[in-house]
2 protein chains.
Amino acid sequence: MKAEHLSQIQAAVAAVKERKTIRRFYFVACGGSQASMMPIQYMFDRETSIPSAIYTSNEFVKATPKVLDDTCVVLTISHSGNTPETVRAAELAKEKGAVSISLTNLVDSPLWKACEYPIHYEHGPEADPNDLSKVILYTLAFDMLNVVEPSEKWVKGAESLNNLAEVTERIKAKYADFGSQWGKDYKRETVIYTMGSGANYGEMYSLAICLFMEMQWIHSNCIHSGEYFHGPFEVTDFDVPFVLVKGIGATRELDERAYNFCSKFSQKLAVIDEAEFDLTGIEPGVQEYVAPLLAGTVVREMIDSLAHERGHALSVRRYMWQMEY
Amino acid sequence: MKAEHLSQIQAAVAAVKERKTIRRFYFVACGGSQASMMPIQYMFDRETSIPSAIYTSNEFVKATPKVLDDTCVVLTISHSGNTPETVRAAELAKEKGAVSISLTNLVDSPLWKACEYPIHYEHGPEADPNDLSKVILYTLAFDMLNVVEPSEKWVKGAESLNNLAEVTERIKAKYADFGSQWGKDYKRETVIYTMGSGANYGEMYSLAICLFMEMQWIHSNCIHSGEYFHGPFEVTDFDVPFVLVKGIGATRELDERAYNFCSKFSQKLAVIDEAEFDLTGIEPGVQEYVAPLLAGTVVREMIDSLAHERGHALSVRRYMWQMEY
């Protein structure tokens, strides 16, 4: 990781450390950025007794939770640094005295200026993998946890992110054929459901709303594996496609149960099983939380193939960035 | 409300009052029962500084949040009283010393026995409207808020629920034709999206997963009005149907923005506007939170008509209660 990124993270974490009392961690963003923090919020819920919550930015701005003051930490993310409601959320957090931390790809963007502790990340194939948003976000999260619930596993966890690029390449190679075939098999589908639980819900939410709905105009819905049996499973049929992640964490049993049922009644269930990932190099104590990033690598292979087979580039939009809304 | 229901609520609220410190309110259930508590969690988030969170039962059981002890209140709901993961959640709460409160339609059910403070509600057309789950749940919620954030509005709010049946009848009559026509117009659809925010998200979640997916086998997804512009809106097209609730609360602006966009690009947007509801009789300070129940009345008119037009009774299931899963 570049020294400037590391020092931006350190400044934010030092500010968290300086607060005598922390009553809340809030994670606030929209769409894919919100999705990227869902596993972080899940991790905080399980690992610290300080309450945390996640919000889509405009709900946080308009229906602000009762507790927002200098005992709070608010983390916002916007890739462009330009999402108005996320900028407003970071500003509001700063106004109320909270530790306002933001991640963005654009230095000096409105988000950069709105918060107190801006952190830059890089993007695209030219970037050093250690400067990508996922590494920056997880390093920040582990470092904050180490302030409020000190443990060697957070230190080792952050260090082990240095190996993430290598682990990612390994998994990418392993699932290249799987992804390529999946795109060929599913290119005619008009509805594809996604399913996951625990730390993986966010990755499946992102697959549904960003990759299928936004980038492929395919109808979708992310079903929580635990909710599947309480309504959604009635849409299951031999020709209804699902993508399910089986996690390696505490909720794996939920995913297994959804798998056992869905595989019986749908002939179109694709499974990403994190138990088959070779996670060597990632600190065992944080593997449950890091695994969704690698499920995301498999998802990327699948969606790249799907987009290619459909002749529908992932970059095409009909509304986003095309007009005022 | 029947005296026995009132005294069950009072026993639960007294237990909450007796705790010196309350660090968390947890709302835990599955499917429609979980959905019914979403507006309650939203209300707690806005009205009390005590943190609250909502979970699907199995996630709460398997990935239990770090804080679960005698400083917590856990509210569970299961209509049958038989949902195994909800029973387990209530049991777990009791084991950990939390105030474990459950709502169910079945006295002496496993859930009834698993918790410490069981509360019965009635169901169906023969029931007194003041003994239905929504009145029982909201009375309990207002009474608990009155313990932790005392205010006349909770007392008046609870009293004004006596008028809910009358308000409901008024709205039912007003929207009968609208609902009936909607069912005729949309009977051929295979995908229908739902949209809402704030206190209405739960009602729209329930419409998507229980009414459309479970009871009509129609593909659906509940999109948060604030998230719509960050991915999902790209599926909007002239022939893609949506049902949107415009709320009367703090997030109405989000719903308005979604409405303004969606109505431009879809010819199949149905709107339930809570600003058009005559809420006379409901305490003004709680109208934002009660309005979703009345949006639910309109939804019921719509879905009854849709089910009739499609010849697909709402009671039909292919998996639920038909087999082990």
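The present account deals with the structure reproduced in this document. Per chain, the residues get numbers from 1 upward, laid out in the order the sequence is written. Here the convention is simple: chains get letters from A, ligands get numbers from 1, in the order in which they are written. For a predicted model such as this one, the threshold for reporting local features is a pLDDT of at least 70, and the threshold for listing and counting side-chain atom pairs is 80 or more; totals across whole chains, interfaces and linings nevertheless cover every residue. Only hydrogens and water are set aside when side-chain values are computed; all heavy atoms of the structure are taken into account.

Observations regarding the nonpolar core
For soluble globular proteins, the rule of thumb is that nonpolar side chains tend to be buried together. Keep this limit in mind: Nonpolar cores were defined as sets of buried Ala, Val, Leu, Ile, Met, Phe, Trp, Tyr and Cys residues, with membership established by side-chain atoms within 4.5 Å. Relative accessibility decides the category of a residue: with a 1.4 Å probe and only protein chains considered, values under 20% of the type maximum give buried, values over 50% give exposed, and everything between is partly exposed. Here, two residues are considered to be in contact whenever any of their heavy atoms come within 4.5 Å of each other.
Within the largest apolar cluster, 194 residues are counted, with the highest numbers of intra-cluster contacts made by Ile101 of chain A together with Ile101 of chain B. Not counting residues up to four positions away in its chain, the partners in contact with Ile101 of chain B are Ala12, Val16, Val73, Val74, Leu75, Thr76, Cys115, Tyr117, Ile119, Leu140 and Met144 of chain B. Counting 14 residues, the second largest nonpolar core, distinct from the first, contains Ala53, Val61, Ala89 and Leu92 of chain B.

Here's the deal with the interface of chain B and chain A
Going by this rule: Buried area is calculated as the accessible area (1.4 Å probe) missing from two parts once they are joined, with the contributions of both summed. The salt bridge criterion pairs a side-chain nitrogen of Lys or Arg with a carboxyl oxygen of Asp or Glu, the two atoms within 4 Å. Polar contact is defined as a pair of N or O atoms within 3.5 Å, subject to the rule that within protein one atom must be able to donate a hydrogen and the other to accept it, and that residues adjacent in sequence are counted only when both atoms are side-chain atoms.
At the junction of the two partners, chain B supplies 67 residues and chain A supplies 67 residues. Surface buried jointly by chain B and chain A totals about 5700 Å² across both partners, of which 55% is contributed by carbon and sulfur atoms. Linking chain B with chain A are 6 salt bridges, by the criterion used here. For the salt bridge of Asp237 of chain B with Arg318 of chain A, the shortest nitrogen-to-oxygen distance reads 2.8 Å. If you look at where chain B meets chain A, you find 43 residue pairs in polar contact (both at pLDDT 80 or more).

Structural notes on the packing of aromatic side chains
Using the following cut-off: For Phe, Tyr and Trp, rings pair up if their centres lie within 6.5 Å, where Trp contributes its six-membered ring, and each pair is then called stacked (planes under 30 degrees apart), edge-to-face (over 60) or tilted (otherwise). Numbering goes from the N terminus for both helices and strands, where a helix is a DSSP run of H or I of at least four residues and a strand is a run of E of at least two. For a lysine, the NZ atom is tested; for an arginine, the CZ atom; a charge sits over a ring if that atom is within 6 Å of the ring centre and within 35 degrees of the ring normal.
Taken as a whole and judged by the stated rule, the model has 56 aromatic pairs over all chains. Consider the rings of Tyr228 of chain A and Phe242 of chain A, whose centres lie 6.0 Å apart with planes at 80°: the pair is edge-to-face. One end of the pair, Tyr228 of chain A, is in the loop between β7 (219–224) and β8 (242–246); the other, Phe242 of chain A, is in strand β8, and 14 residues separate them in sequence. On the basis of relative accessible area, Phe242 of chain A is assigned to the buried category, the value being 1%. One aromatic cluster in this structure is built from Tyr193, Tyr228, Phe229, Phe233, Phe242, Phe261 and Phe265 of chain A together with Tyr319 and Tyr325 of chain B. Above the plane of the ring of Trp217 of chain A lies Arg318 of chain A, whose end atom (NZ or CZ) is 4.0 Å from the centre. Positioned above the aromatic ring of Phe229 of chain B is the side chain of Arg257 of chain B, whose terminal nitrogen or guanidinium carbon lies 4.0 Å from the ring centre.

A few points about the sheet that holds strand β6 (residues 191–196) of chain B
Two pairing modes exist for strands in a sheet, parallel and antiparallel, and in both the strands are linked by backbone hydrogen bonds. Residue and element names in this part refer to chain B. Condition: A pair of strands is treated as paired once DSSP finds two or more bridges between them. Lines fitted to C-alpha atoms define the axes here, with helix axes fitted over just the stretch in contact, and angles between the N-to-C directions of these axes take values from 0 to 180 degrees.
Spatial ordering of the open sheet is given by β7-β6-β8-β9, a layout of 4 strands whose pairing is parallel. Whereas interior strands pair on both sides, the edge strands pair on one side only; in this sheet they are β7 (219–224) and β9 (269–273). Taken over all neighbouring pairs, the strand axes of this sheet differ in orientation by 20° on average, direction set aside. Those strands touched by helix α8 (residues 164–186) are β6, β8 (242–246) and β9, and its axis lies near 160° from that of β9. Helix α10 (residues 252–265) contacts β6, β7, β8 and β9 of the sheet and is inclined by roughly 145° relative to β8.

Observations concerning the pairing of strand β6 (residues 191–196) of chain A
All names here are of chain A. Rules: The handedness rule is simple: strands pointing away from the viewer, and a clockwise path from the first strand over the helix to the second, make the crossover right-handed.
Within β6, 6 of the 6 residues are buried, which leaves the element mostly enclosed by the surrounding structure. Bridge count for β6 against β7 is 6 bridges, and the pairing is parallel. Bridging across to β7, Met195 finds its partner in Ile223. With helix α9 (residues 201–216) bridging β6 and its parallel neighbour β7, the resulting β-α-β unit is right-handed. With 3 bridges connecting them, β6 and β8 associate as parallel partners. The partner of Met195 across the bridge, within β8, is Leu244.

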